[in-house]
Amino acid sequence: GMTGAHEVGHQMGMLHDGGGSGGEYYEGIAAYQWGPIMGNYWMGGSWANQLFTWSRGEYSTANNQEDDFRIMTVNESVPYAADDNASGKPLQLRAGGEINPLDNWGQIERNTDNDVFTLSVASAGTLNLRVDPIEYLRMLDVDAVILNASGQQVARSNLSVNRSAEFKNLALAAGSYQIKIQGGAEGTP
């Protein structure tokens, strides 16, 4: 999959993302298990929580600042997927309050997208929720925020060197909430 993405990048005119000790092929940042698709993705092949993304040369030793998204969408006219959750949707609960991923999923179509799920709590309770990316080769680092009816942040999760978000035993008062899911980031490469 990564080889396919890398080679399709070349077909669209992208060059290698280089820098660091990797020369022509940037080896990624092991501490965050991150690397650019147009770099040396083989270096991160054994990382348990690998994350490979299209790049603009955001890391400090980059020798290529071409914007991969711009090349794809503007130069090559490859459109982004349509937003599957443009205005929010209710979180579907099964019997006993189970939150099943088959009923509750979305796609973060671009780096500026977020998906919102709404939840109403009739009486005070406890939320246990894990948000995982669905991709086999991860291209999303999940950042999730829970907001109350006033729009105030109740909780936030972007697990360190992990591509999921998780809320354990989060006490929620009766009321309406939004769970906002977007792409996250960590560290300063």
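Here's what I pulled together on the structure shown here. (Residues numbered from 1 in each chain as written. Predicted model: local features only at pLDDT ≥ 70, side-chain atom pairs only at ≥ 80, totals over all residues. Heavy atoms only, no water.)

With that out of the way, let us pick up unusual backbone geometry. The phi dihedral of serine 77 falls on the positive side, at around 55 degrees, and the residue is not glycine. Mapping serine 77 onto the fold places it in the loop between α2 (68-75) and β3 (89-90). Positive phi outside glycine occurs at valine 161, with the angle close to 45 degrees. Mapped onto the secondary structure, valine 161 falls in the loop between β7 (153-157) and β8 (165-172). (Helix = DSSP H or I, 4+ residues; strand = E, 2+ residues; numbered from the N terminus.)

This part covers the sheet that holds strand β9 (residues 175-183). With respect to topology, 5 strands assemble into an open sheet ordered β3-β4-β9-β6-β7, the strand pairing being mixed. Only two strands of the sheet have a single partner each, and these edge strands are β3 and β7. Across 8 bridges, the pairing between strand β4 (residues 114-121) and β9 is antiparallel. Bridge pairing in β9 places threonine 118 opposite glutamine 178. (Pairing = 2+ DSSP bridges.)

Everything listed here is a matter of geometry and, on its own, says nothing about what the molecule does.
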